[in-house]
Amino acid sequence: MPWVGAMGMMMLDWSRRAACSDLDPELFFPISLQGPGQSQVERAKAICRTCPVREPCLDYAISSGQTHGVWGGTDPDQRRALIPRQAPRPETVPARPLTGGR
């Protein structure tokens, strides 16, 4: 999806070649992923399947934490599944109070 970057109005280079660049962005951002929204998601994904910049789009969505919409042919649940889970942090043990007036 061609969107403005964090720096303002500059478009991402790959987005100029996106299959969706001349389409209504609302198609790629349904209100819901269920019910009528599901057919909208499927239409958006079909467009993504023909897109020459699908991979950079998906990379952008994952690296920038896009939690809504269809990006690179994936919905939010599919993107979450692609993100490697971080190893759990080891439990910390609370420090014991110092003795001896320190």
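Structure's up top.
Keep in mind that this is a model prediction, so the values were computed, not measured.

**Considerations on the packing of aromatic side chains**
- This structure, assessed with the given rule, holds three aromatic pairs.
- Aromatic pair Trp 14 and Tyr 60: ring centres 6.0 Å apart, planes at 55 degrees, arrangement tilted. Of this pair, Trp 14 sits in the segment before helix 1 (36-49) while Tyr 60 sits in helix 2 (residues 54-63), and the two are 46 residues apart along the sequence.
- Here the aromatic rings of Phe 29 and Trp 71 are separated by 6.1 Å at their centres, their planes lie at 85 degrees, and the arrangement is edge-to-face.

**Some words on the state of the cysteines**
- Here the structure, examined in full by the defined rule, presents zero disulfides.
- Here Cys 48 is not cross-linked by a disulfide; its sulfur's nearest cysteine counterpart is in Cys 57, at 6.2 Å.
- In this structure Cys 48 comes out as buried when scored by relative accessible area, which is 10%.

**Examining the nonpolar core**
- One finds Trp 14, Ala 18, Phe 28, Ala 44, Val 53, Val 70 and Trp 71 to be the most contacted residues of the largest nonpolar core, which totals 15 residues.
- Among the secondary structure elements, those contributing two or more residues to this core are helix 1 and helix 2.

Reading the values: the criteria
Residues numbered from 1 in each chain as written. Predicted model: local features only at pLDDT ≥ 70, side-chain atom pairs only at ≥ 80, totals over all residues. Heavy atoms only, no water. Phe/Tyr/Trp six-rings, centres within 6.5 Å; stacked < 30°, edge-to-face > 60°. Helix = DSSP H or I, 4+ residues; strand = E, 2+ residues; numbered from the N terminus. Disulfide = S-S within 2.5 Å. Buried < 20%, exposed > 50% of the residue type's maximum accessible area, 1.4 Å probe, protein only. Core = buried A, V, L, I, M, F, W, Y, C linked by side-chain atoms within 4.5 Å.

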